[in-house]
Amino acid sequence: MAEGLRVYRLIAAMWIRSTMAYRASFVMSTFASFTVTALDFVAILLMFSRVDALGGWPLSEVAFLYGLSCVSFGLADLAIGSMERLGQRVRDGTLDTLLVRPAPVLAQVAADRFGLRRLGRVTQGALVLGWAVTAVGVDWTLPKVLLMPVVLLSGAGIFCAVFVAGAAFQFVAQDASEVQNAFTYGGTTLLQYPPTVFGTELVRGVTFVLPLAFVNWVPAAYLLGRPLPLDLPGWVAFTSPLVAAGCGALSGVAWRAGLRSYRSTGS
Amino acid sequence: MGSGRLYAAVTVGGFRRYATYRTATVAGVFTNTVFGLILVYTYLALWDVRPHLGGYDRAQAVTYVWLGQALLATLAIGGSGVETELMERIRTGDVAVDLYRPADLQLWWFAADLGRSLFQLLGRGVLPFVFGALVFPVALPHDWGTWAAFLVALALAMAVSFGIRYLVALLSFWLLDGTGMTQIMMLAGFFCSGLMLPLNVFPGALGDVVRLLPWSSLLQRPADVLLGEADVWRTFAFQGAWALVLLAAGRLLQSAATRRVVVQGG
């Protein structure tokens, strides 16, 4: 574990140096990363220029959901977002290079092409979240304040698990890396809107099957003093860390199974 | 071999090349369908509060979502068409080989991109659209004339889309690393084409401006033709004008770039 983190840090630092070689491009891509997510929020603002509430939620509360979803996903994406490229490495045979190195494969794949520009997404989400926290009119008691970082980290953990599971899946279906986008980018987009917008079946699916709802829908409902989705009991709002740990463990198992099933293309 | 046949062969090659990746295509269909579902629900929530927003009724709004998912890959609205390969070739210097060929650089890549477009329309576009049409109430035209007009608008959209991406790709001659440019192109594509929100829902002056930009030719204009909300000939004229301007600008930039190119040895 410690070895893995050390390897991760070294490779990530290498990629940061490499990125800085094309500084103009780095500035542009960080700006783009910031703006591309900002445009998601602009789309929400444009919607609210025509309506006062979406699915019964006002702008400030939707912004709160948006901020939580965006920061959580942004952190996961920054940390290990490059894992979505695993399929390509399997396809062109360069994964073999990683296997013969005396370092954990997961750490190497996670740090591969580490993109500092992804801070753009985190920053943008944090700005919206910062505004939303003051705008939602919640009485920020100490437990609620303490819950915020827990929610953000748990959310990042859940998304990390999705990235790892997606990468494990790519061992089996090498070209199908796009399926992963449906759960990563699709997931964060879904969570930007209130659960009341979506059909009950969909909400059930992202609560019990792929528990993305624990990134923000469930804890945010408690923080905003709303009923939990699917009429879940109140204590469920505090279970995000457990869900994240469970997802992490499952995705770890999936990763090991995927790696074991790997047969080199030989090229 | 006549030059027409040459470019036709390149188009067929582009089509077959993308057709090779079957799993990737299935994955793409799945992803487009998931995103379509998310968008449909948010649009329905929006149209619940404001029926007839932007002049669309609910069924039209739903149709618009699925059309957007069908055209996302077809028109490479966020990039990832052949221009990614061209940029890589410019960066590595392989473009020198392209310039050495007895074929025009712009036409060559346009032909290849057309092949890609046609495949992705059939392979990736049709299925999510059919899924959407079966599961949700949609508004589709009942006369062949409208469908034919839509196909013409779609062809013009392909030209505009390539025109934009070719310009961006050529900038690699100066910038070398195209990552930043690609991303800026992506967000302009997503936002200004109407993929995130129909342009007729955009308020005030912002709406007036985005509707005049070339990206509106990609999704909003063909969608309005299909939904029977636009003057067909004016739409063609608008798209055609942008296609001409962009392709001409691409040609100018190409001559500037090729004069500048210095092939590094090795």
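Remember, it's a predicted structure, so these values are computed and weren't measured experimentally.

With that settled, consider the overall build of chain A. For chain A, the helix and strand inventory stands at 13 helices and 2 strands. Taking 267 residues into account, the globule formula puts the C-alpha radius of gyration at 18 Å, and chain A, at 19 Å, falls close to it. Considered along the principal axes of its C-alpha atoms, chain A spans approximately 55 × 40 × 35 Å. Looking at chain A as a whole, 47% of its 267 residues are labelled buried. Within chain A, contacts between residues separated by at least 24 positions form 80% of all contacts whose residues are at least 6 apart in sequence.

Looking now at the overall build of chain B. The helix and strand inventory of chain B stands at 12 helices and 0 strands. Tracing chain B from N to C terminus, the helices and strands come up as α-α-α-α-α-α-α-α-α-α-α-α. Over its C-alpha trace chain B gives a radius of gyration of 19 Å, about what one expects of a compact globule, namely 18 Å for 266 residues. With the C-alpha coordinates of chain B rotated into their principal frame, the extents come out at 65 × 40 × 35 Å.

Residues and elements named next belong to chain B. Those residues carrying the UniProt feature "transmembrane region" (unreviewed entry) are residues 21–44, 121–140, 146–176 and 188–213 in this numbering. From the first C-alpha to the last, residues 121–140 spans 18 Å; its make-up is 75% helix and 0% strand. Span residues 188–213 is 46% helix and 0% strand, its end C-alpha atoms 10 Å apart.

Summary statistics for chain B give a mean pLDDT of 92 and a share of 97% for residues scoring 70 or more. Scoring of the predicted complex yields 0.90 for pTM and 0.88 for ipTM.

Contact with chain A, which involves 33 residues of that partner, is made by 34 residues of chain B. Looking at the side of chain A that touches chain B, the elements that each hand over two or more residues are α2 (23–48), α9 (177–183) and α10 (185–191) of chain A. At 12 residues, the largest contribution of residues to the side of chain A that touches chain B is made by α2 of chain A. Broken down by class, the residue content of the side of chain A that touches chain B amounts to 19 nonpolar, 11 polar and 3 charged.

Before going further, it helps to spend a moment on the packing of helix α4 (residues 83–92) of chain B against helix α7 (residues 144–170) of chain B. All names here are of chain B. The geometry of α4 relative to α7 is characterised by a closest axis approach of 9 Å and an angle of 15 degrees between their N-to-C directions. When the axes of α4 and α7 are compared, the pair comes out roughly parallel. Crossing handedness for the pair α4 and α7: right-handed. Facing α4, whose interface residues are E83, L86 and M87, α7 presents R165, Y166, V168 and A169. Residues that form the contact of α4 with α7 fall into these classes: 5 nonpolar, no polar and 2 charged.

Close inspection of predicted coordinates is inappropriate in any region flagged by low pLDDT. Confidence in the prediction of chain A, expressed as mean pLDDT, is 91, and 99% of residues score 70 or more. Of all helices and strands in chain A, the one with the weakest mean pLDDT is helix α4 (residues 86–92) of chain A (84), whereas helix α3 (residues 59–80) of chain A scores best (96).

With that settled, consider the packing of α2 of chain A against helix α7 (residues 119–135) of chain A. All names here are of chain A. At their nearest, the axes of α2 and α7 sit 7 Å apart, and the two run at 40 degrees to each other. Overall, the two elements α2 and α7 adopt an arrangement that is oblique. Once α2 is placed against α7, the crossing between them reads as right-handed. Contacts between α2 and α7 involve T30, F31, S33, F34, T37, A38 and F41 on the former and, on the latter, L119, G120, R121, T123, Q124, G125 and V128. Taken together, the residues of the contact of α2 with α7 break down into 6 nonpolar, 7 polar and 1 charged.

Before going further, it helps to spend a moment on unusual backbone geometry. Of note in this structure, D231 of chain A is not a glycine but carries a positive phi near 55 degrees. Following the sequence through the fold, D231 of chain A ends up in the loop between α12 (217–223) and α13 (240–260). Judged by the 6 C-beta atoms lying within 10 Å of it, D231 of chain A falls in the exposed class. Positioned with a positive phi, A76 of chain B is a non-glycine residue whose angle comes to about 45 degrees.

So, on to the environment of A156 of chain A. Residues and elements named next belong to chain A. Structurally, A156 can be placed in helix α8 (residues 142–172). Residue A156 is classed as buried on the basis of its C-beta count, with 23 C-beta atoms lying within 10 Å. In sequence terms A156 and D77 are 79 residues apart; their C-alpha atoms lie 8.5 Å from each other. Aside from chain neighbours lying at most four places away, what touches A156 is S72, L75 and A76.

Once that is clear, we can look at the environment of V82 of chain B. All names here are of chain B. By the element assignment, V82 lies in the loop between α3 (58–74) and α4. For the pair V82 and S117, spaced 35 residues apart in sequence, the C-alpha to C-alpha distance is 9.6 Å. If sequence neighbours within four positions are ignored, V82 has contacts with G14, W109, A112, D113 and R116.

In this section: the environment of V145 of chain A. Residues and elements named next belong to chain A. With respect to the secondary-structure elements, V145 resides in helix α8. The exposure class of V145 is exposed, given the 11 C-beta atoms found within 10 Å. Along the chain, V145 and G155 lie 10 residues apart, while their C-alpha atoms are 16 Å from each other.

Rules used throughout
Residues numbered from 1 in each chain as written. Chains lettered and ligands numbered in written order. Predicted model: local features only at pLDDT ≥ 70, side-chain atom pairs only at ≥ 80, totals over all residues. Helix = DSSP H or I, 4+ residues; strand = E, 2+ residues; numbered from the N terminus. Rg over C-alpha atoms; globule rule 2.2 N^0.38 Å. Buried ≥ 20, exposed ≤ 12 C-beta atoms within 10 Å, placed from the backbone. Contact = placed C-beta atoms within 7 Å. UniProt positions renumbered as here; feature names shortened; annotations may be inferred. pLDDT = per-residue confidence, 0-100. Nonpolar A, V, L, I, M, F, W, Y, C, P; charged D, E, K, R; others polar. Axes fitted to C-alpha atoms, helices over the stretch in contact; angles between N-to-C directions. Parallel < 35°, antiparallel > 145°, perpendicular 65-115°, else oblique. Left-handed = near helix turned anticlockwise from the far one by under 90°.

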